[in-house]
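One-letter residues, chain by chain:
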Amino acid sequence: MSDKWIRRALPRTDPAARVICFPHAGGSANYFTPLARKLPRAIELLAVQNPGRQERYREPRLESIVELAEAVLPSVSTWLDRPTILFGHSMGAVQAFEVARGLPGGAPVVLFASARRAPSVIRVETVHQRSDRAIIAEMRALGGTDTRVFDDEETAALYLPVIRSDYRAVETYRCPAEVTVDYPITALVGDRDPRVTRADVEAWRTHTTAEFTTHVLPGGHFYLGDELDAVAELLGARLSVGTGEPGDHRG
């Protein structure tokens with residue numbers, strides 16, 4: 001199945017379940033490849049590739065979370081033929097939430113919201129309005145991006161517009177407190193995240209009519225890089241697929 005929105009990190013033959021990942025601001029689908037290698041072989045990981053980056057760099061960037069969600073929703077819907085987790089990290093968490101809002105009732109879906117405050121927790125943020133230098137400083141503070149890419153002017157010219165557009169999308173996103181989905185939500189956060197507190201992620205509880213759980217893991221905003229095993233275990237347990245050797249396995 002060919003789709004410009006979806007990347008199959010390590011394709012599986014007839015997987016028992018799937019995880020569909022939504023990236024952080026400035027992120028791309030390949031950020032989740034290390035996680036794919038940690039999952040049980042019965043779970044296939046798919047990752048969303050938003051426009052404006054990597055092989056989609058010539059396409060117009062979308063600067064609204066709702067627009068991003070509406071655009072990817074048809075592609076996501078084609079993969080929901082078995083139990084599925086929508087796993088969104090940072091900006092990706094609210095993109096995944098908006099996708100969940102657009103799904104028909106009864107879809108076999110669980111939402112994992114990682115390193116992002118609940119949709120109704122509003123803070124005025126203006127990173128997208130700052131200078132290039134200030135945006136790079138924000139990237140360094142969060143620690144998830146190798147900021148050496150900004151040392152080269154040509155490379156920076158490719159990365160910075162994407163990051164600015166994504167920050168505009170997530171910083172202008174608003175969602176009323178009463179908006180809910182009928183799918184279970186699991187919220188994850190690093191215990192040293194400089195931007196997201198435990199209370200911020202606990203507030204996701206108000207956005208589901210179903211089960212809610214939360215997990216605090218060691219690390220900062222990009223705890224995922226050091227906690228791949230723990231996250232893979234949580235995903236496998238939630239999908240009831242906890243056995244089998246993990247690894248870079250095709251088929």
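None of the values given here were measured: they were computed from a predicted structure.

### Notes on the overall build of the protein chain
At step 1: When helices and strands are counted, the protein chain shows seven helices and seven strands.
At step 2: From first element to last, N terminus to C terminus, the protein chain shows the α and β order β-β-α-β-α-β-α-β-α-α-β-α-β-α.
At step 3: Relative to the compact-globule value of 18 Å for 251 residues, the protein chain shows a C-alpha radius of gyration of 17 Å, a close match.
At step 4: Counting over 251 residues, the protein chain shows a buried share of 53%.
At step 5: Within the protein chain, counting contacts between residues at least 6 apart in sequence, those at least 24 apart form 81% of the total.
At step 6: As displayed, the protein chain has an accessible area near 11000 Å², and 49% of this comes from carbon and sulfur atoms.

### Some words on helix α7 (residues 228-238)
At step 1: Those residues of α7 that sit buried are Leu228, Val231, Ala232, Leu234, Leu235 and Gly236.
At step 2: Directly after α7, the chain includes serine 240, whose backbone phi takes a positive value near 60°.

### Some details on the packing of helix α2 (residues 65-77) against helix α3 (residues 91-102)
At step 1: Their axes nearest at 8 Å, the elements α2 and α3 cross at an angle of 60°. One finds that α2 runs oblique with respect to α3. Two packed elements cross with a definite hand, and for α2 against α3 that hand is right-handed. For the pair formed by α2 and α3, the contact residues are Ile65, Val66, Leu68, Ala69, Val72, Leu73 and Val76 on the first element and Met91, Val94, Gln95, Glu98, Val99 and Gly102 on the second.

### Observations regarding the nonpolar core
At step 1: In terms of nonpolar packing, the biggest core is built from 55 residues, with Ile20, Phe22, Leu86 and Trp204 touching the most fellow members.
At step 2: Those elements that place two or more of their residues in this core are β2 (17-22), β3 (43-48), α2, α3, β5 (109-114), α4 (132-142), α5 (153-171) and β6 (185-190).
At step 3: The greatest single-element share of this core, amounting to seven residues, is contributed by α3.
At step 4: Those residues in contact with leucine 86, other than ones at most four positions away along the chain, are Ile20, Phe22, Val76, Ala96, Val99, Ala100, Leu103, Val109, Val110, Leu111 and Phe112.
At step 5: If you look at the next biggest cluster of nonpolar residues, it comprises 28 residues, including Ala29, Leu35, Ile43 and Leu228.

### Considerations on the sheet that holds β6
At step 1: The mixed open sheet is built from seven strands, whose spatial order is β1-β3-β2-β4-β5-β6-β7. Bordering the open sheet on either side are β1 (6-8) and β7 (212-217), each of which pairs with just one other strand. This sheet shows a mean twist of 20° between the axes of neighbouring strands, independent of strand direction.
At step 2: Relative to strand β4 (residues 84-89), β2 runs parallel, the two sharing five bridges. Bridge pairing in β4 places cysteine 21 opposite phenylalanine 87.

How each quantity is defined
- Throughout this document, residue positions are counted from 1 along each chain, in the order its sequence is written.
- Under the rules for a predicted model, residues below a pLDDT of 70 receive no local features and side-chain atom pairs below 80 are neither given nor counted, while totals for whole chains, interfaces and linings still include all residues.
- Only hydrogens and water are set aside when side-chain values are computed; all heavy atoms of the structure are taken into account.
- For the purposes of this entry, the term helix denotes a DSSP run of H or I that reaches at least four residues, the term strand denotes a run of E that reaches at least two, and both are numbered from the N terminus.
- A radius of gyration in this sense is built from C-alpha atoms; the matching globule rule multiplies 2.2 Å by the number of residues raised to 0.38.
- Buried residues are those whose accessible area, probed at 1.4 Å on protein chains only, stays under 20% of the maximum for their type, while exposed residues exceed 50% and partly exposed ones sit between those limits.
- It only takes one pair of heavy atoms within 4.5 Å for two residues to be counted as in contact.
- Only the protein chains shown count as cover for residues, and the accessible areas themselves come from Shrake-Rupley with a 1.4 Å probe.
- Orientation is described by lines fitted to C-alpha atoms, with helices fitted over the stretch in contact, and by angles between N-to-C directions that extend from 0 to 180 degrees.
- Angle categories: roughly parallel below 35 degrees, roughly antiparallel above 145, roughly perpendicular from 65 to 115, and oblique for all the rest.
- Less than a right angle of anticlockwise turn of the near helix away from the far helix marks a crossing as left-handed, whereas a clockwise turn marks it as right-handed.
- We call a set of buried residues a nonpolar core when its members are Ala, Val, Leu, Ile, Met, Phe, Trp, Tyr or Cys and they connect through side-chain atoms within 4.5 Å of each other.
- Any two strands between which DSSP finds at least two bridges are classified as paired.

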